[in-house]
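Coordinates in review
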Amino acid sequence: MNELDAILAPYQGRQRDALLPVLWDVQTAYGYISADAVHAISHTLRVPESDIYGVIGFYSLFHDEPVGETVIRVCTDLSCGLAGADDVLHELLVEIGIGHGETSSDGRYTIGHTTCLGLCEHAPAALVSRRGVGEHSVASATSQRLLNGTERYGAVVGGDALNLLQDLDQPLQDYAALRQALFDLTQEQVIAEVEQSGLIGRGGAAFPTGMKWKFTHAVDKWPKYVVCNADESEPGTFKDRVLMEHRPHLILEGMALCGYAIGASKGYLFVRGEYPLATSEHLVEAIAEAEAAGLLGDNIMGSDFSFRVEIRRGAGAYICGEETALFEAIEGKRGFPRIKPPYPTTHGLFQQPTVVNNVETLSAVVGIVEHGAAWFKQWGTEKSAGTKLISISGHVGRPGVYEINPGMTLRELIEDHCGGFVGELQAVLMGGAAGTFLTPDEIDVRLTFEDLRAAGSTLGSGAIMVFNTSVDMRDVLGRLGKFFQHESCGKCFPCQLGTQRQMEILVREPLAGDRERLVDIGLTMTEASLCGLGQTAASAVLSAIQRWPELF
Amino acid sequence: MTKTVTLTIDGDSITVPEGTTILEAARQLDKDVPVICYHDATTANGLCRVCVVDVNNGRVLQPACVAACTDKATVETRNERVERSRRTILEMLNSAVDLAEAPEIQDLMDDYSVDRERFPDAKRREHDLKDDNPFYVRDYSQCVLCWRCVQVCAEDAQYTFALTLDGRGFETHVSTAFDIALTDSPCVFCGQCIGVCPTGALKPKVEFGIQQGWSMEDIQRSTRRPRRKNITIED
Ligand SMILES: Cc1cc2nc3c(=O)[nH]c(=O)nc-3n(C[C@H](O)[C@H](O)[C@H](O)COP(=O)(O)O)c2cc1C
Ligand code: SF4
Ligand code: SF4
Ligand code: FES
Ligand code: FES
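Reading the values: the criteria
Residues numbered from 1 in each chain as written. Chains lettered and ligands numbered in written order. Predicted model: local features only at pLDDT ≥ 70, side-chain atom pairs only at ≥ 80, totals over all residues. Heavy atoms only, no water. Helix = DSSP H or I, 4+ residues; strand = E, 2+ residues; numbered from the N terminus. Rg over C-alpha atoms; globule rule 2.2 N^0.38 Å. Buried < 20%, exposed > 50% of the residue type's maximum accessible area, 1.4 Å probe, protein only. Contact = heavy atoms within 4.5 Å. Areas by Shrake-Rupley, 256 points an atom, 1.4 Å probe, with all protein chains shown as cover. Lys, Arg positive; Asp, Glu negative; His and termini not counted. Charge placed at Lys NZ, Arg CZ, Asp CG, Glu CD. Near = heavy atom within 4 Å. Nonpolar A, V, L, I, M, F, W, Y, C, P; charged D, E, K, R; others polar. Pairing = 2+ DSSP bridges. Axes fitted to C-alpha atoms, helices over the stretch in contact; angles between N-to-C directions. Domains from an automatic or database assignment. Buried area = accessible area lost by both parts, 1.4 Å probe. Parallel < 35°, antiparallel > 145°, perpendicular 65-115°, else oblique. Left-handed = near helix turned anticlockwise from the far one by under 90°. Salt bridge = Lys/Arg side-chain N within 4 Å of Asp/Glu carboxyl O. Core = buried A, V, L, I, M, F, W, Y, C linked by side-chain atoms within 4.5 Å. Phe/Tyr/Trp six-rings, centres within 6.5 Å; stacked < 30°, edge-to-face > 60°. Lys NZ or Arg CZ within 6 Å of the ring centre and 35° of its normal. Arc of directions from axis to C-beta.

Some points on the overall build of chain A
- A count of helical and extended segments in chain A gives 23 helices and 14 strands.
- A globule of 552 residues ought to have a C-alpha radius of gyration of about 24 Å, and chain A, at 23 Å, matches this closely.
- A principal-axis box enclosing the C-alpha atoms of chain A has dimensions of 65 × 65 × 45 Å.
- Scored against the burial criterion, the 552 residues of chain A give a buried share of 63%.
- Counting only contacts in chain A whose residues sit at least 6 apart along the sequence, the fraction spanning at least 24 positions is 70%.
- Summing over all exposed atoms, chain A offers an accessible surface of approximately 18,700 Å²; the carbon and sulfur share of this is 49%.
- Side chains of chain A carry 43 positive and 70 negative charges; the gap between the two charge centres is 4 Å.

Right, dumping it as structure tokens:
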């Protein structure tokens, strides 16, 4: 049996949903996916070759042409840009003697850039892929470090650490909340507790979690699925990474609780491809541990509830954080968002009823079931119940992930917890690339969903990026423009065309009429795009036009 | 009995079966809602968004071709918001794609007072002409990405799967696997894709030859069916 056959052997009899895993295996072995490999995969999974080719072409981490033994991608997004990433990239290219995106003639290196890697507290960051080995991240990247080897980074955590950020790195004990649910609570009682807790989804769209579970529970159609959204690609967001690396069992227990509540026996945990293999392997180990302890798998703790979790790796596409695009990715397709309705509660993964929740949301559920809704509501406000994780980066003393009691102000968070502002504050970007800017006189806003909404801003996924007066805001806007241009899936015209036109205007010298052009493009993307990406791709730009009209 | 919904479209009331799209209802009332990607014979995917209408003054506009009518809704098919979106989409499309052979889109651009020079120095989607078979030529510089050709080649009709979308975002384009010639692909030259293409991107070689001013002899030579080489029997 040749090497390719050996790689494909475990996939015999599998179908299209195994496509991303196969492509990863082939690429890890060969560095790229050749036409011969596509031909063989097509036979194994019975998927047309053209479709496989289209899938490879959609995901940034897949290659259909040979690349170097080591592929280095330096993050040149917002926080890394501030920390000198452009220089690191330039030095690397000079050192190896190649141009951007090229492969060295000895075949050892391919070097390029990438959008945010979710390591912003360690900016500048880079992703290194080695043939036959896989991906790892390099924190505080320098060209020497990137060429010389592996590096581990520690998570920077802080804030009040009231709930989710407690007990980091604890060995597996028991799934006490799950035990309680299985033996003392009905499905309806679990859902009621989650509803009463007022928990709102932590992935950015701020939908009430209990309601989502209730709708899915009510559908008379099986199988049902639980999907944990760990795609975490919103620039400036890295809280889910910290949970995956330091509290994997909390996430798995939350998924199992959801499975019990809605009547699902299968869960998928979809991790963005840029998170290093170590992150997903960590989760794979945690699953094995839990299965060995009878906390996951068949007849959990001797009950008649069975639940298994499968890890899926994305392959480089911000859009796959959008829930329906994520389903398409798991199904082995290009990550195009679907038209809604129908919603995932009735037509989700494989067109079956599905709950899709963010990593932090599912983690929060565990405490709610174990200690009750009232316990959870001791923190936060009526409309922003419970603690919230914030990823903060840029010009603050201690960038990192902070667990806060919602209601504290942005200024308090930064001055009392994050080591204060570095330099003189110019602007804060709330909610990541899809968010909005605040000026220095707006930072006494309270950090709750409702206060920020009232201020015309957003908490979004909890990303906060801080810029001091050394930063050229046009440069920041240019990077935002490039991000969306790179990440638009291309399905609908307003975003496919608008992200390109918006980026062009933001990176060139200003021309008369640009402000009107940006407003027309921005409002058209916001009002006419198919999904949340296009609908927010201009939100930071439009907020900047309001605050700093002289820049345009 | 099927459930019905009643709504008003530009002030006119209409009652339709539940599930009827806004486009269908508007057409029953003889309202003109423009479309680019929509085609009666292919799955509607809500791509072009020139069909957007204002429903209940909502946060976002709704694509009439796929959005279902809802009870008591107030729909405006052409107000200021709708016009801005349609005009801007057309301006951006025109700045990226060669629309010279898309008369319907040209008419739309006139109707919406499009500034054809709105985006100076904008990058265009330019592709080399693909003339790799005796039957048709493909000029993707004229492709608006309506997906119809890909769909009829796949599950909407032919189940041949010669075509796919490649790339992402602005760089998205229609391609065969690894961009091989159509003659090396599973293409059976059924011509369905040509039939649904709304622009000049896909056209019969004869038509192309006449446009180029080729002689009848040249056209005949270029469209002669080659003997199929490379036929291998798979085990
Ligand atoms: C472009 C885009 C990217 C998104 N990325 C993520 C993501 O990385 N993680 C996430 O949990 N939700 C993301 N979402 C939101 C999801 O669609 C979905 O609302 C969420 O996963 C639901 O979980 P929640 O209710 O627990 O927040 C994204 C949405 C859009 C439109
Ligand atoms: S809004 Fe953008 S990302 Fe969403 S479907 Fe349209 S092109 Fe794709
Ligand atoms: S080639 Fe024609 S039918 Fe195919 S996507 Fe382009 S415009 Fe549509
Ligand atoms: S890792 Fe570079 S900006 Fe987030
Ligand atoms: S016609 Fe409705 S989106 Fe194209």
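From this point, things continue past the structure.
With respect to the site of ligand 3
- Among the 13 residues in the neighbourhood of ligand 3, the closest are listed as B:Cys143, B:Cys146, B:Trp147, B:Cys149 and B:Cys197.
- Residue classes in the shell around ligand 3 are distributed as 12 nonpolar, 1 polar and no charged.

Notes on the sheet that holds strand β5 (residues 157-159) of chain A
Residue and element names in this part refer to chain A.
- Spatial ordering of the open sheet is given by β5-β11-β10-β14-β12-β13, a layout of 6 strands whose pairing is mixed. At either end of the open sheet lies a strand with only one pairing partner, and these are β5 and β13 (436-438). Strand-to-strand twist in this sheet, taken as the mean axis angle between neighbours without regard to direction, amounts to 30°.
- Across 5 bridges, strand β10 (residues 388-394) lies against strand β11 (residues 400-404) in antiparallel orientation. Its bridge partner being in β11, Ile 392 is matched across the sheet by Gly 400.

Section: the site of ligand 2
All names here are of chain A.
- The immediate surroundings of ligand 2 are formed by 14 residues, with Cys 489, Cys 492, Cys 495, Cys 531 and Gly 534 found nearest.
- Secondary-structure elements contributing two or more residues to the shell around ligand 2 are α20 (493-507) and α22 (532-536).
- A per-class count over the shell around ligand 2 returns 8 nonpolar, 5 polar and 1 charged.

With respect to the sheet that holds strand β8 (residues 308-313) of chain A
Residues and elements named next belong to chain A.
- Pairing within the open sheet is parallel, and its 4 strands lie in the order β8-β7-β6-β9. The sheet terminates laterally at β8 and β9 (354-358), the two strands that pair on one side only. Strand after strand, the sheet turns through a mean of 20° between neighbouring axes, direction not considered.
- Bridge analysis of strand β6 (residues 225-230) against β9 gives 5 bridges, and the strand direction is parallel. Paired with Val 226 across the two strands is Val 355, which belongs to β9.
- Packed onto the sheet, helix α12 (residues 248-262) meets β6, β7 (266-271), β8 and β9 and runs at close to 150° relative to β6.

Concerning unusual backbone geometry
Residue and element names in this part refer to chain A.
- Backbone torsion omega between Trp 222 and Pro 223 reads -5°, so that peptide bond is classified as cis.
- Locating Pro 223 in the fold gives a position in the loop between α10 (209-218) and β6.
- Going from Lys 340 to Pro 341, the amide bond is cis rather than trans, its omega being -5°.
- You can see Pro 341 is positioned in the loop between α14 (323-330) and β9.
- Even without a glycine there, the phi angle at Ser 140 is positive, about 40°.

Description of the domain arrangement of chain A
All names here are of chain A.
- Partitioning chain A into structural domains gives domain 1 (3-58), domain 2 (70-147), domain 3 (158-376), domain 4 (388-468) and domain 5 (473-551).
- Between domain 1 and domain 3, the C-alpha centre-to-centre distance is 28 Å.
- In this assembly, 11 residues from domain 1 lie in contact with 18 residues from domain 3.
- Carbon and sulfur atoms make up 61% of the surface buried where domain 1 meets domain 3, a total of about 1,100 Å² over both sides.
- Contact with domain 3 buries area across many residues of domain 1, yet Leu 20, Trp 24 and Phe 58 alone supply 57% of it, more than any other trio.

A look at the packing of helix α8 (residues 176-184) of chain A against helix α15 (residues 359-371) of chain A
Residue and element names in this part refer to chain A.
- Close contact between α8 and α15 brings their axes to 8 Å; oriented N to C, the two are set at 55°. In terms of orientation, α8 and α15 fall into the oblique class. In this structure, α8 crosses over α15, and the sense of that crossing is left-handed. Facing Ala 176, Ala 177, Gln 180 and Ala 181 of α8, the residues of α15 in contact are Val 366, Val 369 and Glu 370.
- Here the residues of the contact of α8 with α15 sort into 5 nonpolar, 1 polar and 1 charged.

Description of the pattern of salt bridges
Residue and element names in this part refer to chain A.
- Applying the stated rule across the entire model yields 49 salt bridges over all chains.
- The residue Arg 312 makes a salt bridge to Glu 310 at a minimum N-O spacing of 2.9 Å.
- A residue is classified by how much of its surface remains accessible, and Arg 312, at 3% relative accessible area, is buried.
- A relative accessible area of 23% places Glu 310 in the partly exposed class.
- We note a salt bridge from Glu 504 to Arg 501, for which the minimum N-O separation is 2.8 Å. Highlighted residues: Glu 504 and Arg 501, both in helix α20, separated by 3 residues, approximately one helical turn.

Side note on the nonpolar core
- Counting 151 residues, the largest nonpolar core has A:Tyr59, A:Leu146, A:Phe437 and B:Ile36 as the members making the most contacts within it.
- Counting 59 residues, the second largest nonpolar core, distinct from the first, contains A:Leu182, A:Trp213, A:Val242 and A:Val366.

Let's talk about the packing of aromatic side chains
- Within this structure, the stated rule accounts for 21 aromatic pairs over all chains.
- Between the aromatic rings of A:Tyr268 and A:Phe350, the centroid separation amounts to 6.4 Å while the plane-to-plane angle is 65°, which identifies the pairing as edge-to-face. Taken together, the residues A:Tyr268 in strand β7 and A:Phe350 in the loop between α14 and β9 connect sequence positions 82 residues apart.
- Residue A:Phe350 is classed as partly exposed on the basis of its relative accessible area of 31%.
- On the numbers, 5.7 Å between centres and 50° between planes, the contact of B:Tyr136 with B:Phe189 is tilted. With B:Tyr136 in strand β6 (residues 136-138) and B:Phe189 in the loop between β8 (173-175) and α5 (192-196), the pair connects residues that are 53 residues apart, well separated along the chain.
- When its relative accessible area of 16% is taken as the criterion, B:Phe189 is described as buried.
- Taken together, the aromatic side chains of A:Trp24, A:Phe58, A:Tyr59, A:Phe62, A:Phe336 and B:Trp147 make up a single cluster linked through ring pairs.
- Between B:Arg78 and the ring centre of B:Tyr112, over which it is positioned, the NZ or CZ distance is 3.9 Å.

Focus on the pairing of β11(A)
Residues and elements named next belong to chain A.
- In terms of residue burial, β11 counts as a mostly covered element, since 5 of its 5 residues are buried.
- In terms of strand pairing, β5 meets β11 through 3 bridges, oriented parallel. Along β11, the bridge assignment pairs Gly 158 with Tyr 402.
- The hairpin turn running from β10 into β11, its antiparallel successor, is 5 residues long.

A word on α10(A)
All names here are of chain A.
- Three or more residues of α10 are buried, namely Thr 209, Gly 210, Lys 212, Trp 213, Thr 216 and His 217. Down the axis of α10, the smallest arc covering the buried residues is 160°, so these residues share one side.
- Looking at the buried residues of α10, the elements they touch are α9 (187-197), α12, α14, β9 and α15.

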